[in-house]
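Structural overview for review
For reference, the chains in residue letters:
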Amino acid sequence: MHTDWTDELMQDHARIERALIMIERQIERKDGYDAATVSALLEFLFEYGERYHNQKEEQFLFPLLGERGIPTHGGPIAVMLSEHEMEKNYLIRLIRETQQIKEKETAITEDYRNALVSYISLTKDHIWKENDILYPMGRRVLQKQDNSHLLASFENLLSTMPYQGKGFVERWETLLHTIEQSTGGPIDLLKTLDTNTLRAMLDVLPIELTFVDANDVVRYFNKVNDKKIFPRTLSVVGRSVQQCHPPHSVHIVNRILNEMKSGKRDAAHFWIPFGENREMFLYISYYAVRDEHGNYLGCVEMNQDVAPYRALQGESRTLNDLV
Ligand SMILES: [Fe+2]
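Not measured: the values here are computed from a predicted model. (Residues numbered from 1 in each chain as written. Predicted model: local features only at pLDDT ≥ 70, side-chain atom pairs only at ≥ 80, totals over all residues.)

**Looking at the overall build of the protein chain**
The helix and strand tally for the protein chain stands at nine helices and five strands. Taken from the N to the C terminus, the helices and strands of the protein chain come in the order α-α-α-α-α-α-α-β-β-α-β-β-β-α. Radius of gyration (C-alpha) of the protein chain: 26 Å, far over the 20 Å computed for a compact globule of 323 residues. The 323 residues of the protein chain split such that 18% are buried. Taking as baseline every contact in the protein chain between residues at least 6 positions apart, the subset at least 24 positions apart corresponds to 58%. (Helix = DSSP H or I, 4+ residues; strand = E, 2+ residues; numbered from the N terminus. Rg over C-alpha atoms; globule rule 2.2 N^0.38 Å. Buried ≥ 20, exposed ≤ 12 C-beta atoms within 10 Å, placed from the backbone. Contact = placed C-beta atoms within 7 Å.)

In structure tokens, the structure reads:
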């Protein structure tokens with residue numbers, strides 16, 4: 001249950017984007033496009049995207065924005081409405097043509113592929129405009145009671161959908177998950193980055209990270225060649241974490257790891273003044289790393305000098321303040 005109307009609409013967008021990416025995967029597949037999968041995804045986009053999500057906007061959000069001063073004729077709302085109409089027309093055509101491809105088992109034509117690509121780019125662009133322009137605009141003009149009014153209206157609409165309302169969201173979420181699992185798993189953005197980029201990204205952060213695996217063996221730390229608060233050298237890799245801590249603290253380490261493995265604990269935090277003149281204030285955190293099924297993969301330790309953050313006052317909103 002959402003407490004903010006933008007969270008709910010943006011979660012819908014995230015589901016819609018997952019379906020769009022899975023259709024893209026299908027048209028890029030070398031071993032052939034699967035009409036049954038695309039057909040199910042287009043059905044989701046019509047039933048969930050058009051009949052549910054877009055209706056939340058058309059029936060409740062847009063009129064309310066109009067009442068709060070955003071013009072409904074001309075301006076951003078008119079653009080959104082005309083894009084909804086274009087999306088709907090594309091979907092009606094694509095659902096019909098995909099059904100024909102499925103029944104006749106024919107290859108996809110250039111024309112059909114172009115229509116799919118245009119529909120996907122229109123919808124992605126539309127989602128970006130709503131997430132980044134229209135919703136923030138809405139947040140500025142809507143009043144406090146509008147949030148609960150919108151959430152209640154969305155809930156009402158859901159209760160009129162098939163599968164007894166709540167089952168509607170569950171049904172489509174299950175479909176998306178199942179297709180993701182059977183066509184290469186959920187979208188993994190890390191796969192689009194090489195390890196050089198990933199390493200540089202982890203090294204540039206003002207934190208020290210160490211990862212120990214499920215057998216308590218040190219496998220990774222960032223800033224390998226940089227000066228660190230807690231110096232580490234490559235010789236720690238492959239050693240057990242218990243061998244890397246002073247004997248008086250090993251029992252704490254063991255307790256944290258055992259509690260993480262048993263599922264009793266997800267994180268542990270410590271903070272201590274540090275440095276020759278106690279000029280640093282260290283915040284040391286341990287986080288359990290688990291896979292999507294909750295299986296324990298290891299523990300990441302994060303060390304950070306938070307003294308500069310503790311000293312912050314007032315606010316900084318312009319780039320000049322950072323110089
Ligand atoms: Fe939307």
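Here the narrative resumes.
**Quick look at the pairing of strand E5 (residues 296-305)**
Relative to E5, strand E1 (residues 208-213) runs antiparallel, the two sharing six bridges. Note that in E5 the partner of Phe-211 across the bridge is Val-300. Summarising the sheet, strand E4 (residues 280-290) and E5 pair through nine bridges and their orientation is antiparallel. Paired with Val-289 across the strands is Gly-298, a residue of E5. The loop that links E4 with its antiparallel partner E5 comprises five residues; one of these, Gly-294, has a positive phi angle of about 90°. (Pairing = 2+ DSSP bridges.)

**Here we look at unusual backbone geometry**
Working note: non-glycine residues mostly have negative phi, and peptide bonds are mostly trans. Positive phi values are uncommon outside glycine, yet Glu-105 reaches one of about 50°. Following the sequence through the fold, Glu-105 ends up in the loop between helix H3 (75-104) and helix H4 (110-141). A tally of 7 C-beta atoms within 10 Å means that Glu-105 is categorised as exposed. Of note in the backbone geometry, Lys-223 takes a positive phi value of approximately 55° without being a glycine.

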